[in-house]
Amino acid sequence: MTAPRDKLGRPIVVVTGMGIMTSLGAGKADNWAKLVAGESGIRTISRFAIDGLKTTMAGTVDFVTVDPFSSTGLSERMAEIVTQEALDQAGIGAKGDFPGPLFLAVAPVEVEWPQRRELGRAVAKQDFDYNDLLRISGGGKYAAFHHRFMFGSVAAHLAETFGTKGSPISLSTACASGATSIQLGVEAIRRGETDAALCVATDGTVNPEALVRFSLLSALSTQNDPPQAASKPFSKNRDGFVMAEGAGALVLESYESAVARGAKILGVVAGCGELTDSFHRTRSSPDGKPAIGCVLKTLADAGMAPEQIDHINAHGTSTPENDKMEYLATSAVFGEHTSKIPVTSNKSAVGHTISAAGAVEAIFSLLTLEHQRIPPTLNYENPDPAILFDVVGNKARDARVTAVMSNSFGFGGQNASLILTREPA
Amino acid sequence: MTDTASKPGQTEVWITGIGLATSLGEGLDANWAALGERRVNVDDKSFAPYIVHPLMPVTLDAQIPKKGDQRQMEAWQRIGTYAAGLALDSAGIKGNKDILSKIDMVVAAGGGERDLSVDTGVLNAEAKGNNAPGFLNERLMSDLRPTLFLAQLSNLLAGNIAIVHGVCGTSRTFMGEEVAGADAMRIALARIMSGESDIALVGGSHNGERKDLLVLYEFGDFNLKDKFAPVWARKDHAGFALGSAGAFLVLESKAHAEARGAKPYARLTSVVADLARRKQPGDMAATLEKLWAKLPTRAGKGAIITGATGAEPATSEERSFLGKHADFPVRATGTMFGHTMETQFPLGIALAALALSRGALFPPNDSTGLEIEMTDKPTQIVVVGAGHWRGEGMALVEAVN
């Protein structure tokens, strides 16, 4: 039996359950089949009117319904579904009794337009201001809005439904949130606070205002037709990311406790790292230094050399800046080894699931390890000559994969990376 | 239950920096003096009938020198970035690139600041019959300021602190109202105790002078209306008065602090947190009692600083818990500072550390008699933070001899 501790003497953290939902579909089987087949989940938005928008497509999850609709409600419902899938696979604890804490990556919560409009209609007069809205907000009629739009509401619901222990943490590190939720779980297990942790990431925020906000920052692709071709990481003509919805859940356990209860081990979280970029609110430092530091810290945390990484699941947003910076940072760390590492971006197929991306892509990385098959980067027709990655373009590739690095680089200088392996090192 | 508590042989964690910008003033001396004078700064006119505790104006340039940076933030971020700068100054590490580049930042944040004129503009136009399918899209595309998004994102308080002060080790933002502040403290403490981290900047900020927030809390009838009263005197007139404040702390391992000659305000010994189901009366009080039992044994002269909100039924639940520990003098920060949501718990820790370092608890400010005088020098202060709706946290802060 492998020693239950890693090279640094800490408990080894393994994954024993996974659940996933993206614009491709619900569940691991469906997602994986479509991902390796090269299908795209990006489509013209049908949930709301797109008139007047510069970007009219997204990777929406339209097959989950929530009534009354809110983005936070959708995030919650998706989180619930993927958590159930992960728990069913892990077979841990009992129904409504998960033996560890919850770490939830969730989009920041705000009162949304459908509810604001309901309030506006209830004022029942013209030329009103916020004082008029305020005057009719109380009295209990809208008590459900209070609960729905508490930042902690999704985590509280999941904690109560699944019986996680202690105070559930809701977190945001922008596009790195999903990776951070996993990192928090890994750290809790390594510190010996718990034998298991539930790490969930969810984002259901394709709504008009969210789309407009990213549009106003010129962050989104505007190549709306055909929508499936919009997300094209590492391509010369990439022009922005594609917003998307999705969720991922992972059950993390100490290797020791997973083995003790006879659980099937799906993979190992060998290392995690993060480093803040103080360059700009929305842009990465063009020299890639913070991203380089993040990748180096992650390798050090895993006790691994760059040559041991044989696949990179890239952040690969398809924005002009990110993909260029990501190549720069990666090549600075991996040197000549860079060209030997097949790289892919799941965002080409499912879009950018923002708060959920780190977890969604960690799960795709673990499925890559399981199937020894790298899903393709779609729309790789016109490679950017400045990005010399070995991009797994358009068609899935069979490969020997033992260690995957999954990167997340986001707004607000948030960088986080994970290293996932098949077996304990 | 999740908890962080020191065990023999584990790293001792000191509070070596405190930054406060509140409705009572800026910095430790101003806040301490105001507490000593039982001063309360409320505005019952600007948002009437709602009462808020407005920020005592600060000279932003002192901590956020670039106007461009100030413009890229909304009030809650400016308050927080300002207070974070004060904390770094207080710890003596402002501008120290070697240390700043390895600081682990954990921020408790809300966000979502609205442009009220855009919101009401859309709603008014719709009330007048502008219901074309793309109307909302077009108005938002033309009326929203692009930078407003950056003020709405929760993690952009941490982002601004990184940019303005060069705090660029790691950065995590916790959301979830009051208990997010306790969880931020809990995780930062756990990381330093376990050796994962040497030094952390932890805290939060809140702008209570926002009508959009009043609307949100009015949905649940949580706002204090018409007349100010101390938190404990609101039983028949329940509610919280939103407050504006930024509170940041520098936490540091004793060894790291000693190596650079830094002095502690106090020791952060333990932080625990839980989520009571709050389905039945007594659930929340029972959870607070469980958290109390989780704290290390209290041997010295103790006191309690609580972030009790004044909202019901949470405040009555807390009162019943406090009644079981009536020998501990209690101070409710909500009376003096208003309810600063994610910031209330870091604010409580800051005031506890300040009181311990000054060798005195500030006087009661309460008309009901629940808060009693303390003439002894406190050596241990328990900080309590129970959310108005969900989440309970508790910490033990101790004097360093």
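Since the model is a prediction, treat every value here as computed from it, not as a measurement.

Quick notes on the rules
Here the residue index of a chain counts from 1 through its sequence in written order. As a convention, the first chain written is A and the first ligand written is 1, with the rest following in written order. The predicted origin of the model limits local features to residues at a pLDDT of at least 70 and limits the giving and counting of side-chain atom pairs to 80 or more, whereas totals for whole chains, interfaces and linings rest on all residues. Note that contacts rest on C-beta atoms placed from the backbone: two residues are in contact if these are within 7 Å. Helix and strand assignments come from DSSP, with helices taken as H or I runs of at least 4 residues and strands as E runs of at least 2, each series counted from the N terminus. Note on pairing: two strands pair once DSSP finds at least 2 bridges between them. Here the C-beta atoms are placed from the backbone, and a residue counts as buried if at least 20 other C-beta atoms lie within 10 Å of its own, exposed if 12 or fewer do, and partly exposed otherwise.

Visitor: Can you break down the interface of chain B and chain A residue by residue, with the values?
Guide: A common way to report how large an interface is uses the accessible area buried once the components associate. Contact with chain B, which involves 67 residues of that partner, is made by 65 residues of chain A. Those elements that place two or more of their residues in the side of chain B that touches chain A are helix H5 (116–127), helix H6 (135–143), helix H7 (148–152), helix H8 (156–165), strand E4 (170–175), helix H9 (177–193), helix H10 (211–218) and strand E7 (266–274) of chain B. With seven residues, H5(B) is the single largest residue contributor to the side of chain B that touches chain A. With three bridges joining them, strand E6 (residues 169–172) of chain A and E4(B) adopt antiparallel strand pairing. Considered in E4(B), the bridge of Ser170(A) is made with Met175(B).

Visitor: Account for the pairing of strand E5 (residues 102–106) of chain A, with residues named and values stated.
Guide: Most of E5(A) sits inside the fold, with five of its five residues counted as buried. The alternating pattern of E5(A) places Leu102(A), Leu104(A) and Val106(A) and Phe103(A) and Ala105(A) on opposite faces, both of which are buried.

Visitor: How would you summarise the pairing of strand E7 (residues 196–203) of chain A if you had to cite specific residues and measurements?
Guide: Residue and element names in this part refer to chain A. Burial within E7 is extensive, with eight of its eight residues counted as buried. The alternating pattern of E7 places Ala196, Leu198, Val200 and Thr202 and Ala197, Cys199, Ala201 and Asp203 on opposite faces, both of which are buried. Across five bridges, E5 lies against E7 in parallel orientation. From the neighbouring strand, Val106 faces E7, where its bridge partner is Thr202.

Visitor: Summarise unusual backbone geometry; cite the residues concerned and give the values.
Guide: The amide bond that connects Asp67(A) to the next residue, Pro68(A), takes the cis arrangement and shows omega of 0°. Here the bond from Ala48(B) into Pro49(B) is cis, since omega is 10°, no more than 30 degrees from zero. Among the secondary structure elements, Pro49(B) is positioned in the loop between helix H1 (27–36) and helix H2 (67–71). Even without a glycine there, the phi angle at Ser318(A) is positive, about 85°.

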